[in-house]
Amino acid sequence: MLKIDVIGFLGADVEIKDVNGKKFANARVAHTRKWKDANAVAHEATQWIDLSLSPEAKVLPFLKKGTQVYARGSGEFRAYSSAVDKCYKAGVTIYCDEVVLLTAPKMKEESQLQKEVKDGKVF
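Below you will find a few notes about this structure. (Residues numbered from 1 in each chain as written. Predicted model: local features only at pLDDT ≥ 70, side-chain atom pairs only at ≥ 80, totals over all residues. Heavy atoms only, no water.)

### Notes on the environment of Leu-51
Next up, step 1: Tracing the sequence through the fold places Leu-51 in strand S4 (residues 42–53).
Next up, step 2: C-alpha of Leu-51 to C-alpha of Ala-71: the two residues are 20 residues apart in sequence and 8.0 Å apart in space.
Next up, step 3: Here Leu-51 is in contact with Leu-10, Ala-25, Asn-26, Ala-27, Val-29, Ala-71, Ile-94 and Cys-96, once residues within four sequence places are set aside. (Helix = DSSP H or I, 4+ residues; strand = E, 2+ residues; numbered from the N terminus. Contact = heavy atoms within 4.5 Å.)

### Digging into the pattern of salt bridges
Next up, step 1: Per the stated rule, a full pass over the model turns up six salt bridges.
Next up, step 2: Residue Asp-97 is joined to Lys-3 by a salt bridge in which the shortest nitrogen-to-oxygen separation is 2.7 Å. Note that Asp-97 is positioned in strand S6 (residues 87–101) and Lys-3 in strand S1 (residues 3–10), a separation of 94 residues in sequence.
Next up, step 3: Here Lys-3 falls in the partly exposed class, since its relative accessible area comes to 46%.
Next up, step 4: Where Asp-50 meets Arg-78, a salt bridge forms, and the shortest distance between an N and an O atom there is 2.6 Å. (Salt bridge = Lys/Arg side-chain N within 4 Å of Asp/Glu carboxyl O. Buried < 20%, exposed > 50% of the residue type's maximum accessible area, 1.4 Å probe, protein only.)

### Focus on the packing of aromatic side chains
Next up, step 1: On inspection of all chains with the given rule, the structure shows zero aromatic pairs.
Next up, step 2: The ring of Trp-35 has Arg-33 lying over it, and the distance from NZ or CZ to the ring centre is 4.2 Å. (Phe/Tyr/Trp six-rings, centres within 6.5 Å; stacked < 30°, edge-to-face > 60°. Lys NZ or Arg CZ within 6 Å of the ring centre and 35° of its normal.)

### Here's the deal with the side chain of Thr-93
Next up, step 1: Summarising the element assignment, Thr-93 is placed in strand S6.
Next up, step 2: A polar atom in the side chain of Thr-93 sits 3.3 Å from the side chain of Arg-78.
Next up, step 3: Other than its neighbours up to four places away in sequence, Thr-93 contacts Asp-50, Ser-52, Ser-74, Gly-75, Glu-76 and Arg-78. (Polar contact = N/O pair within 3.5 Å; in protein donor to acceptor, adjacent residues only side chain to side chain.)

### So, the pairing of strand S5 (residues 68–82)
Next up, step 1: In this sheet, S5 lies alongside S1 in antiparallel orientation, the contact comprising seven bridges. Paired with Ile-4 across the strands is Gly-73, a residue of S5.
Next up, step 2: In this sheet, S6 lies alongside S5 in antiparallel orientation, the contact comprising 14 bridges. Pairing of Ser-81 across the sheet is with Tyr-88, part of S6.
Next up, step 3: The turn linking S5 back onto S6 is made up of four residues, and Lys-86 within it adopts a positive phi angle of 55°. (Pairing = 2+ DSSP bridges.)

### Details of a nonpolar patch on the surface
Next up, step 1: Taken together, the side chains of Ile-7, Val-100 and Leu-102 make up a nonpolar region of the molecular surface, amounting to roughly 220 Å² of accessible area.
Next up, step 2: Relative to the elements of secondary structure, Leu-102 occurs in the loop between S6 and helix H1 (110–118). (Patch = residues over 30% accessible without salt bridge, like charges linked within 9 Å, V, L, I, M, F, W, Y side chains within 5 Å. Areas by Shrake-Rupley, 256 points an atom, 1.4 Å probe, with all protein chains shown as cover.)

### Regarding unusual backbone geometry
Next up, step 1: At Asn-20, a residue that is not glycine, the phi angle is positive and equals roughly 55°.
Next up, step 2: With respect to the helices, strands and loops of the structure, Asn-20 is situated in the loop between strand S2 (15–19) and strand S3 (22–36).
Next up, step 3: Phi is positive for Ala-40, which is not a glycine, with a value near 65°.
Next up, step 4: Here Ala-40 shows up in the loop between S3 and S4.

What follows is the structure in structure tokens.
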């Protein structure tokens, strides 16, 4: 079994999707690697990793764009062809066992959040 740990920033709010009656939550996290080559020239490479979570996960309301998270789970690699670039690409999906918030998300006003909790929209 392949286990993957990643720390990065969410590129968008979490999305809950329904496919053939089965719900799941998706998010994308950016992991940036920085290094200097032998000539002391700085380089940077960002990789986007898909996260797949249970739609019942308690952390979902807090997964907002820009939030830093730690995610751990089993991984799956895939190859696909890009219609835009007309080339082959590779991607990674982590089926999360654990997601931990490392920074606080920008939350709505407290009164709006309390209303959503009361209406059953959060948790």
